[in-house]
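Chain by chain, the residues run as shown.
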Amino acid sequence: MYEAGGLGLADYSIRTVNLWKIYPNGIQAVRGINLGIRRNEIFGLLGPNGAGKTTTLRMIMGLLLPTRGKIYVQDHDVVRNPAIVRRYIGYVPQFFSLYSDLTVFENLKFYASLYGLSSSVALERIRFVMDVVGIRRYKDVLAGNLSGGYKRRLELAVALIHDPPILILDEPTAGVDPPIRRAFWEMFRDLKREGKTILVTTHYMDEAENCDRLALISYGKIIAEGRPREIKRMTYGGDIVRIRIRGSPGNVIGSLPVKEVLDVRRGDDYTEIRALVDDFSIRLPDILEYLNNRNIDVLLAEQVQVTLEDAFIELVRRAEGS
Amino acid sequence: MTWTDRLLAIVNKEIKQLVRDKKTLALVILLPLFLTLLFGISYAREPVNVPAGIVVGDSRYAAKVVLNRLLSDRTFNIKYFLSDLKTAKFYVEKSKIMLAVVIPEGFTEMVEETHKAYIVTIIDTARRISLPEILMAKFEKIVLDCEDEISKELYMRKRVVAKVNIENVVDLVGGEPSMVDLVAPVVLGIMTQQVPLTLASISIVRERERGTLEKLLTTPIGRIDLIIGKLIPFLFVGVAISLGSLFLLIMIGATFKGSYIDIVIVSFALGLASLGVGLFFSVLSTNQLQAMQFSTFFLIASFLFSGFVFAPEAMRPELRPIVYTMPLYYYFECTSNIILKGLSLSVSICYLIYLFVYAFIILAFSFKFMSRKLE
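Note that the structure is predicted; figures quoted are calculated from it, not measured. (Residues numbered from 1 in each chain as written. Chains lettered and ligands numbered in written order. Predicted model: local features only at pLDDT ≥ 70, side-chain atom pairs only at ≥ 80, totals over all residues.)

Chemist: So what's going on with the overall build of chain B? Which residues, and what values?
Modeler: Within chain B, the regular secondary structure consists of 14 helices and five strands. Relative to the 2.2 N^0.38 estimate, which gives 21 Å for 375 residues, the radius of gyration of chain B is 26 Å and therefore markedly larger than a compact globule would have. Its C-alpha atoms put chain B at 90 × 55 × 40 Å along the principal axes. Here chain B holds 375 residues, and 42% of them are scored as buried. (Helix = DSSP H or I, 4+ residues; strand = E, 2+ residues; numbered from the N terminus. Rg over C-alpha atoms; globule rule 2.2 N^0.38 Å. Buried ≥ 20, exposed ≤ 12 C-beta atoms within 10 Å, placed from the backbone.)

As structure tokens, this is what we get:
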């Protein structure tokens, strides 16, 4: 929530207040979303397909009218001033959206004209953005003849052509090879260093770790929000430990000094227990002492590294369950 | 799996896709049937109410027989009683009427003295492809009926038994145009209409299908600016095609007596109207296939109902308004005078105004709906 953290309204590039989108067929794509995207941060929007991510982005862009709620971009009401808001945003849609039958340069020139850049400024910006995304050597190549990765670079270059303070990227690395994905995220970090605010949606959980903050959306609602580490810890309410003991645990499981036993798996001559503790570093010695006192042979005791994907799946599962 | 199974799989898939998309299905099946039915209903009769004029140079009984026959015949709508042959010809030349009949001075006297007389028929051959022949045949029949009736009158009044013979002297305004002369305005009109119309109809849906529209809409450009910017090149393409086609038609021997500037002006008006219709189809379509189907059917409708190939005078009066929804109708009314008669555009100025009004109405309507669709 944007009210948190003692920040003022002016500290946010994008704010949504109780945002709803109900389509004429009754589908509630977005249900009361409150987002506060701070200036100069990379904010990730995660969620399964159909969760409402793209609908939210399209409302922020002014492409869709919200059914209820408010959206502010740089403190301008999107619904009232869509033309002003569009000048602040560079947008990379989910799918290739440029002209295949125009060259890289022609696409950039065209969009520079739409944003009202004079010829000299446009040429300067075109050279600059081509260098930023590393596409200059392809400037005379038809956009349709570029590889998938370079098409996405061109999309990013076009989004940057008018030097917007905000970038909205809808699955910017979808269908792109891992090395190029890495290069893209380096570019995003560079852009952030230059002062840009970036709102990005992605399906790649490893990529999401690069975001400063995240919001997880499920069924049109935000189910978690925060830094990636916070979300992982918040998901389970602590750390997860894995303990493997020789033989059967007998009746000790119920009295283990843990918050909750998550699951117990039995092997041929061992038993593996996954349990939740408030803090791994404090609780592990207690657990080992407890088991030693009962003459139970501990084969392995370690912290389970919870990935964002684990947290994501768990949170979505809970949201679906509720 | 045999090749027939594979073939059937494709056929099956195509049918499923066709049936699933209700709008495409309606366009593919219902629209052609509707057009055919409409054409059948509209033209299943002889021409009626063809605008005509008459010069009555004789007030005695034989002339009255001809006059009454003409007045009672549904084919002709006698709009003007004219003073002389020169005026009658002027009215036909200026396309105020399709046909004029001149009953000369001393008509009855000729009948009484020689049992022979003549009538002058002035007919416009430059405006409709098949109508002049139909009208001539119809008038010939009227003349034959008149001969019988006048013969009877002659016996009753003068006790003279004689077979009266009336010669029909035909004056063809527009000469005897060759087929290429008659078809040239049609080709010109169709080309000028269809290219901008088709381009306009697919332009917005193509942007949408290619995925380029969403990106455009995120720029500060206004919806109306976007639509206008997309349409302007098509208008110039339409006018350029019109002039290009005209030069080609002249090269292959078509008659052209008018002014190129006039053709440019009318083509510009038709181009505007075509863009409006095309944009309207773009509003109705959700994909390029539907837009192309709308354009194709409009092309067929233009052939059937624009009045050049099939005369509107042969339509049922209650269905004749269909003709007025076709921009090509107004175009033909202007260009047939320009191309074959060499008349100035000022003669057809009302049709030009109608065409511009048509264009602005359809454009305003389509702009409104398209900009709403883009929101």
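Chemist: Report on the overall build of chain A, specifying residues and quantitative values.
Modeler: Helix and strand counts for chain A stand at ten helices and 14 strands. In terms of overall dimensions, chain A has a C-alpha envelope of 80 × 45 × 40 Å along the principal axes. Residues classed as buried in chain A amount to 41% of the 322 residues present. The long-range share in chain A, meaning contacts at least 24 apart out of those at least 6 apart in sequence, stands at 67%. (Contact = placed C-beta atoms within 7 Å.)

Chemist: Kindly report on the sheet that holds strand β5 (residues 76-77) of chain A, identifying the contributing residues and their values.
Modeler: Residue and element names in this part refer to chain A. The strand order β2-β1-β4-β5 describes an open sheet built from four strands, whose pairing is antiparallel. Each edge of the open sheet is held by one strand with a lone partner, namely β2 (28-38) and β5. Judged from the eight bridges that link them, strand β1 (residues 12-22) and β2 form a sheet pairing that is antiparallel. If you follow Ile22 over to β2, its bridge partner there is Gln28. (Pairing = 2+ DSSP bridges.)

Chemist: Summarise the domain arrangement of chain B; cite the residues concerned and give the values.
Modeler: Residue and element names in this part refer to chain B. The domains assigned to chain B are domain 1 (50-173) and domain 2 (179-374). A straight line from the C-alpha centre of domain 1 to that of domain 2 covers 40 Å. Domain 1 puts ten residues into the contact, and the matching count from domain 2 is ten residues. Taken together, the residues that form the side of domain 1 that touches domain 2 break down as four nonpolar, two polar and four charged. (Domains from an automatic or database assignment. Nonpolar A, V, L, I, M, F, W, Y, C, P; charged D, E, K, R; others polar.)

Chemist: Describe the sheet that holds strand β7 (residues 166-170) of chain A, naming the residues involved and giving the relevant values.
Modeler: Residues and elements named next belong to chain A. With mixed pairing, six strands are arranged side by side in an open sheet as β6-β7-β8-β3-β9-β10. With partners counted over all chains shown, the strands left at the sheet margins are β6 (89-92) and β10 (221-226), one partner each. For this sheet, the mean inter-axis angle between neighbouring strands, taken without regard to orientation, is 15°. Here β7 pairs with strand β8 (residues 197-201) via five bridges, running parallel. Looking across to β8, one finds that Asp170 is bridged to Thr201. Most of the contacts of helix α1 (residues 53-60) go to β7, to which it runs at about 150°, and overall it touches β3 (42-46), β7, β8 and β9 (213-218). This element, helix α8 (residues 228-236), spans β9 and β10 of the sheet and lies at about 115° to β10. (Axes fitted to C-alpha atoms, helices over the stretch in contact; angles between N-to-C directions.)

Chemist: Can you explain the nonpolar core? Please cite residues and give values.
Modeler: Residue and element names in this part refer to chain B. Counting 98 residues, the largest nonpolar core has Ala52, Leu99, Ala100, Val101, Ala269, Ala273 and Leu355 as its most contacted members. Considering each element in turn, this core owes the most residues, 13 residues, to helix α10 (residues 260-284). Viewed by domain, this core spans two of them, domain 1 (50-173) and domain 2 (179-374), each represented by three or more residues. Leaving out residues up to four positions away in the same chain, Val101 has contacts with Ala52, Ile54, Leu70, Ile119 and Thr121. (Core = buried A, V, L, I, M, F, W, Y, C linked by C-beta atoms within 7 Å.)

Chemist: Please provide a residue-by-residue account of helix α3 (residues 104-114) of chain A, values included.
Modeler: Each turn of an α-helix holds 3.6 residues, which means side chains three or four residues apart point in the same direction. Residue and element names in this part refer to chain A. Turning to α3, its buried residues are Val104, Asn107, Leu108, Tyr111, Ala112 and Leu114. With its buried residues spanning 160° around the axis, α3 presents them on a single face. Check the buried side of α3 and you find it contacts α4 (119-133) and α5 (148-160). Phi turns positive, to about 75°, at Gly116, one or two residues after α3. (Arc of directions from axis to C-beta.)

Chemist: Now, about unusual backbone geometry: what can you tell me, with residues and values included?
Modeler: Residue and element names in this part refer to chain A. Positive phi, close to 50°, is recorded for Gln74, a residue that is not glycine. Tracing the backbone through its elements, the reader meets Gln74 in the loop between β4 (68-73) and β5. Residue Gln74 is classed as partly exposed on the basis of its 19 C-beta neighbours within 10 Å. Even without being a glycine, Asp75 presents a positive backbone phi close to 70°.

Chemist: Lay out the packing of helix α7 (residues 179-210) of chain B against helix α11 (residues 288-305) of chain B with the relevant residues and their values.
Modeler: All names here are of chain B. Remark: α7 packs on α11, axes separated minimally by 8 Å, with the N-to-C direction vectors making an angle of 165°. By the angle between their axes, α7 is roughly antiparallel relative to α11. Between α7 and α11 lies a crossing of right-handed hand. On α11, the residues touching Ile190, Gln193, Gln194, Leu197, Thr198, Ser201, Ile202, Val205, Arg206 and Glu209 of α7 are Gln288, Ala291, Met292, Phe294, Ser295, Phe298, Leu299 and Ser302. Residues that form the contact of α7 with α11 fall into these classes: nine nonpolar, seven polar and two charged. (Parallel < 35°, antiparallel > 145°, perpendicular 65-115°, else oblique. Left-handed = near helix turned anticlockwise from the far one by under 90°.)

Chemist: Let's hear about the pairing of β8(A): which residues, and what values?
Modeler: Residue and element names in this part refer to chain A. Counting buried positions along β8 gives five out of five residues, so the element sits mostly inside the fold. Two strands pair when backbone bridges link them, and β3 and β8 are joined in this way by four bridges, in the parallel orientation. Across the sheet, the residue bridging to Ile42 is Ile198, located in β8. Between the parallel pair β7 and β8, the chain is carried across by helix α6 (residues 178-193), and the sense of this crossover is right-handed. (Right-handed = clockwise from strand over helix to strand, strands pointing away.)

Chemist: Quick rundown of the environment of A:Val261? Include the residues and the values.
Modeler: Residues and elements named next belong to chain A. For Val261, the position within the fold is in strand β12 (residues 260-266). Here Val261 falls in the partly exposed class, since 13 other C-beta atoms lie within 10 Å of it. If near-sequence neighbours (up to four positions away) are discounted, Val261 is found in contact with Ile253, Leu256, Ile273 and Ala275.

Chemist: Can you lay out the interface of chain B and chain A for me, pointing to particular residues and giving the numbers?
Modeler: Counting residues at the interface gives nine residues for chain B and 16 residues for chain A. Tallied by class, the residues present in the side of chain B that touches chain A amount to three nonpolar, four polar and two charged.

Chemist: I'd love a proper account of the confidence of the model for chain B, names of residues and values included.
Modeler: Residue and element names in this part refer to chain B. Overall, the prediction assigns chain B a mean pLDDT of 88, with 99% of residues at 70 or greater. Predicted confidence in chain B is weakest over helix α2 (residues 22-43), with a mean pLDDT of 81, and strongest over strand β3 (residues 99-103), with 94. For this predicted complex, the interface confidence score (ipTM) comes to 0.78, while the overall pTM stands at 0.76. (pLDDT = per-residue confidence, 0-100.)

Chemist: Tell me what's going on with helix α3 (residues 61-72) of chain B, and back it up with residues and numbers.
Modeler: All names here are of chain B. Here α3 spans 16 Å end to end across twelve residues, near enough to the 16 Å set by a 1.5 Å rise per residue. Burial in α3 covers these residues: Ala62, Ala63, Val65, Val66 and Leu70. Across the axial projection of α3, the buried residues extend over an arc of 155°, all falling on one side. Structural note: α3 exposes Asn68, Leu71 and Ser72 on the side pointing more than 90 degrees away from its buried face. Taken together, the buried residues of α3 touch β1 (50-56), β2 (76-82), β3, α5 (107-114), β4 (116-124) and α6 (131-158). (Expected span 1.5 Å × (residues − 1).)

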